[in-house]
Amino acid sequence: MNFNSSLQTANLSAYWPAILISSALGFLLTWGLLSGDEQGRVNLFYLLFIYLILPLSSLLISVSSMLTGKGINLVRLIAKFPSIIQNNQSIRKLRQLGIDKHWCFYQSQLSAMAFSLVSLIVFFVLLLVTDINFVWRSTILSTDDIFPFLNFIALPWSFWEQAQPNIDLLNATQDTRLLGQQKLLGHHADWWQFILAVQIFYSLAARSFLLLITAYLFQKYLKSDVETKLQSKISQAPSRLAAEETQLAVVNIISPDILINNWAGVEQGLLDKLQLFRLREDQVVSAGPHASEAERMVVERWRGEQVVIVKSWEPPLAELADFLENSHGYVFPIDWQTESEASEIKVVKLKEEHLLEWSRFISQLPAWQVFVPLTLMPEKIS
């Protein structure tokens, strides 16, 4: 496994949980609003909220979330569920690469596009098979108050005459108990082109433009900055002999202040018995299969060297390989046994076959080495 495989995993394919949720929301909201009341009347202001205010607000929120690295969007919210994180290696890779916020921003644009497309489809279907009467209601606003706002909204499509609002149409479609119910009923359907234009320009066009820019920047960042940083770290990593020259590229001494990643979930008391590190409270973290999401994020965002502690007798798994692929440091396989008399756990020397297996595994990862102190080396080798 190499960096190129990470690129293939961390690509721009659609994140389907978010796409499906957005599509369902678009269907339910549009169908619910366009179904109208018992007389088939649909409030124009409600449609402006769904097709204008909501898209623009979500756009501002997602841009703010991407720029600040904080905030929330639908994709970030879904990705916070532990079951999804554990089953989606690509999200974990993106976090390790430090570009998860860019990916979330791109996926939020895709989700918004799905919402808009489904809404547009439902809109056309209901226009074809139902008789929709568009009206507007307000207790305090008059046509003179609303018309300038609608004109401002329609500026992007000033060339589309049939989709422009006009004062006569606005007067004709005001729904008030003070006006006769038969007043110019034929005009109530004339708003459909204006509503269609709102969806096209403020939902589809805006999101499509931002989607293209985001996809370009994401790919550029992924292929240049991340690759450069990672290759720089790999080139700075201590060199070792090639696997065909020796099966044991083992380091015996490392810095005592290095970050300890307790991948194997070894008990703290056993770590203390190693007496190899200055184990401060913030020096030992975990990113293994049983770690919490907060612990995983700390390690995945770590950019310095680390020691990953594993159980020597357990074979290397794909999940560990995925994690090691985008970081660098040392893998420390340890073995222990319980003394029957005192029931005391004691760290023991590695078995030769275990060390050989871990050395062969690490030989495929240029940025990693096996660390075993001389006191724990197998008898035949030490």
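Our structure's up above, just so we're on the same page.
1. What about a nonpolar patch on the surface?
Together, Ile21, Leu25, Leu29, Phe49, Ile53 and Leu54 give the surface a local cluster of nonpolar side chains, amounting to about 480 Å² of exposed area. Every element with two or more residues in the nonpolar patch is listed here: helix H2 (16-34) and helix H3 (44-68).

2. Examining the pattern of salt bridges
Any two side chains of opposite charge can pair, given that their charged atoms come close. For the coordinates displayed, the defined rule picks out 2 salt bridges. The closest approach of N and O atoms between Glu314 and Lys311, which form a salt bridge, is 4.0 Å. A residue is classified by how much of its surface remains accessible, and Glu314, at 37% relative accessible area, is partly exposed. Overall, Lys311 belongs to the partly exposed group, its relative accessible area being 22%.

3. Some remarks on the environment of Asn166
Within the fold, Asn166 resides in the loop between helix H8 (143-153) and helix H9 (167-172). For Asn166, a relative accessible area of 33% gives the class partly exposed. On a C-alpha basis, the gap between Asn166 and Phe147 in space is 7.4 Å, while along the polypeptide they are 19 residues apart. For Asn166, the side chain forms a polar contact with the main-chain nitrogen of Leu169, separated by 2.6 Å.

4. A look at the packing of aromatic side chains
A full pass over the atoms with the stated rule returns 12 aromatic pairs. Aromatic side chains Phe45 and Trp136 sit 6.0 Å apart centroid to centroid with 40 degrees between the ring planes, which places their arrangement in the tilted category. On the criterion of sequence distance, the pair formed by Phe45 in helix H3 and Trp136 in the loop between strand E2 (133-135) and H8 is long-range, its members being 91 residues apart. Owing to a relative accessible area of 0%, Trp136 belongs among the buried residues under this scheme. Here the aromatic rings of Trp157 and Phe201 are separated by 5.3 Å at their centres, their planes lie at 35 degrees, and the arrangement is tilted. In this pair, Trp157 sits in the loop between H8 and H9 while Phe201 sits in helix H10 (residues 192-236), placing the two residues 44 residues apart along the sequence. The structure contains a cluster of three or more aromatic residues connected by ring pairs, namely Trp157, Phe159, Trp191, Phe194, Phe201 and Tyr202.

How each quantity is defined
Residues numbered from 1 in each chain as written. Predicted model: local features only at pLDDT ≥ 70, side-chain atom pairs only at ≥ 80, totals over all residues. Heavy atoms only, no water. Patch = residues over 30% accessible without salt bridge, like charges linked within 9 Å, V, L, I, M, F, W, Y side chains within 5 Å. Areas by Shrake-Rupley, 256 points an atom, 1.4 Å probe, with all protein chains shown as cover. Salt bridge = Lys/Arg side-chain N within 4 Å of Asp/Glu carboxyl O. Helix = DSSP H or I, 4+ residues; strand = E, 2+ residues; numbered from the N terminus. Buried < 20%, exposed > 50% of the residue type's maximum accessible area, 1.4 Å probe, protein only. Polar contact = N/O pair within 3.5 Å; in protein donor to acceptor, adjacent residues only side chain to side chain. Phe/Tyr/Trp six-rings, centres within 6.5 Å; stacked < 30°, edge-to-face > 60°.

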